[in-house]
Amino acid sequence: MHLEQQLTTAIQQAFQQALGLAVELSAIALQPTAKEFEGAYTFVTFSWSGRCQQRPEAVANQLGEWLKENSTLVVDFNVVKGFLNLVIGDRVWLTQLSAIGADANFGVAAPNGKKVVIEFSSPNTNKPLHLGHLRNNFLGHAMAGIMKATGHEVHKVNLVNDRGIHICKSMVAYQQYGQGETPETEALKGDHFVGKYYVKFDQVYKEQVAALTKALGDPVRAAKEAPSLLEAQQMLRKWEEGDKAVRALWEMMNGWVYQGFAATYQQLGITFDKTYYESETYLLGKKVVEEGLSLGVFRQEQDGSVWADLTEEGLDRKLVLRADGTSVYMTQDLGVADLRYADYHFDQLLYVVGNEQDYHFAVLFKLMQKLGRSYAPAMHHLSYGMVDLPTGKMKSREGTVVDADQLMEEMVRTAAQHTQALGKIDSFSQEEAAALYSMLAMGALKYFLLRVEAKKRILFDPEASIDFQGHTGPSIQYTHARIAAILRKAKEQGIAYQEGGVADSLPLQPAEREVIMQLYAFPKKLQESAEGYSPAILAQYVFNLAKGYNKLYAALPILHEKDAALQLLRVQLSAAVARVIKKSMQLLGIAVPNKM
RNA sequence: GGUUCCGUAGCUCAACUGGAUAGAGCAGCUGCCUUCUAAGCAGCAGGUUUCAGGUUCGAGCCCUGACGGAAUCACCA
């Protein structure tokens, strides 16, 4: 049984025996003891003072006495005001370390039979990925790992936004200005090649609007009637009609983009179990709209448009079908939700989408509920803040974006410079070195984006490059490499260690105890991370673990320890830390090296 | 204007869901590599947690109201 459970049960008994009070187990909460006091767990007695008719200190003292006397876990206690600090015996911690070592899958929960679908990435096929997309991808991928490790059956799905007016804009621009160019002739990655025309369209469009505004004296009309826009709209209609030439152009350009995306995903280390395309799903919602009409959930206006009225729920009126019968975003999402459920019968459906769509999802979930979908409560929006620049929001059309491919390239270069300057990997082949640079670059980037709580916006200053020192991915990766070196040497020196079988009668140094406690907290942190849909919790955890280990590393000899039993213990402890660091980072989507 | 989210050290972020003297990293300053990887460790300095009230034994966290920032409220996606 878990230590904390054992302790709360013991405290329950202590209340009964020492104070004659029957207390519910769920009412007893423990917290970690603050660093400046002795002890591992703290029970706060202020709120019990009334029920016990005694001062908090008195309650704490009596509970403490009883626990020290009767609990095998508690070897000592101290009371500060209403805080009862419980000291757990070293034997207990060593036993736990032994158990951690013996469990090859420590922290990973057994399958719980719950099915989770995580939708993330969902790129548009008219432009390359930028830093904001990276946050989405990393969050989705990390959540998938975390949910899997907490026992869920996880399905990662991508819904590619491959149709619509924005795609047609790139197509129009290419048709007019492309002159037979291809990614090959221009030596450009496919997504960047297509993105170039999306930007080109916007330039042309703006010039036309400006000219037209002068001619008409009406900026609103000009914005709607600019020839390039009309062409794009015309192209969208042709696309929907299935016009052969338009479809061929569309397929060719999307094909280029997919090639580019494949390379980017490859470098990101991100994969999907299934990819959906909007071009195949955008019509699905129309049936749901009809169903909603017959149920009275939606209402049709004179002009034929269909609306949902959510004013009673504190939301607004929302369009679900245009007057001309074509779909809007919401129409599509209604249909796709049903499709997801039909495909997976999920217990949870997680949408990783930016907070600019908070309202959209609030409406979507409410509508699914009103439509009587049993799975409506299982839908959740993992909303995250934008990645902003000092100059404001990133805008693809205006070219004010931090391009993902370019950023990764720069970071790989920086990683290479750092590594070469330190000169610790001279024995590496070119390929090995390149793999390491990439691993470190991605570690820095991913950790940078994952360590911040999802809902907060991130400010990224392109002038100040992402660090490789301090509270960063590479510093955690470094800790792993350090331990790996120790373990290699231990083997060379013939120190035969098994991770289980830790001697339980050794005295522990504070640094060792601290690290064991941190290791022990891993499953709990993982659980919190999953329940809170928060990779940041795991990211913070693994940094603290690495920091705790580095402290130990600086304070105590490991292989140089003369006492064989202590030496063995420290090697075993090191091995366990390496394993948990590796696992945590892996769940976050970050690889760790054995040498750097 | 309505709704939602955010506001913590010069900067970037934590704070175990209401607990003890609010902690890390970066930047600045001081030390530590002829013992295991210095991408590390030890230390100094840095705070009226935006402000004003309230609830509570106890508030960065909960409530009310200001102030500042962001998103959204489209027959856009």
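Scroll up a little and you will see the structure.
Just so it is clear, the model here is predicted, and its values are computed rather than measured.

Criteria and thresholds
Residues numbered from 1 in each chain as written. Chains lettered and ligands numbered in written order. Predicted model: local features only at pLDDT ≥ 70, side-chain atom pairs only at ≥ 80, totals over all residues. Heavy atoms only, no water. Helix = DSSP H or I, 4+ residues; strand = E, 2+ residues; numbered from the N terminus. Buried < 20%, exposed > 50% of the residue type's maximum accessible area, 1.4 Å probe, protein only. Contact = heavy atoms within 4.5 Å. Areas by Shrake-Rupley, 256 points an atom, 1.4 Å probe, with all protein chains shown as cover. Lys, Arg positive; Asp, Glu negative; His and termini not counted. Charge placed at Lys NZ, Arg CZ, Asp CG, Glu CD. Arc of directions from axis to C-beta. Salt bridge = Lys/Arg side-chain N within 4 Å of Asp/Glu carboxyl O.

**Points about the overall build of chain A**
In terms of helices and strands, chain A carries 22 helices and 14 strands. Counting all 596 residues of chain A, 51% fall into the buried class. Intrachain contacts of chain A at a sequence separation of at least 6 include 74% that bridge at least 24 residues. Total accessible area computed for chain A in this model is approximately 27,800 Å², and 50% of it derives from carbon and sulfur atoms. One way to put it: in chain A the 61 positive side-chain charges average out to a point 2 Å from where the 66 negative ones average out.

**Regarding helix α13 (residues 285-295)**
Helical geometry: 3.6 residues make up each α-helical turn, so side chains three or four residues apart lie on a common side. Burial in α13 covers these residues: G285, V288, V289 and G292. The arc enclosing the buried residues of α13, seen along the axis, measures out at 105 degrees, which places them on a common side. Looking at α13, the residues exposed on the side facing more than 90 degrees away from the buried face are K287, E290 and S294. Each element contacted by the buried residues of α13 is listed here: β8 (298-300), β9 (306-309), β10 (317-321) and α14 (329-344).

**Some details on the pattern of salt bridges**
Under the counting rule described, the total for this entry stands at 22 salt bridges. A salt bridge links R55 to E57; its shortest N-O distance comes to 3.5 Å. For E57, a relative accessible area of 28% gives the class partly exposed. E512 is the salt-bridge partner of R570, the closest N and O atoms lying 2.7 Å from each other. Here R570 is found in helix α22 (residues 564-588), whereas its partner E512 is found in helix α19 (residues 510-520), with 58 residues between them in sequence.

**A few points about unusual backbone geometry**
You will see that S121, though not glycine, has its phi angle at about 80 degrees, which is positive. According to the relative accessible area criterion, S121 is buried, its value standing at 5%. One non-glycine residue, A187, lies in the positive phi region at around 50 degrees. Note that A187 resides in the loop between α7 (183-186) and α8 (190-216).

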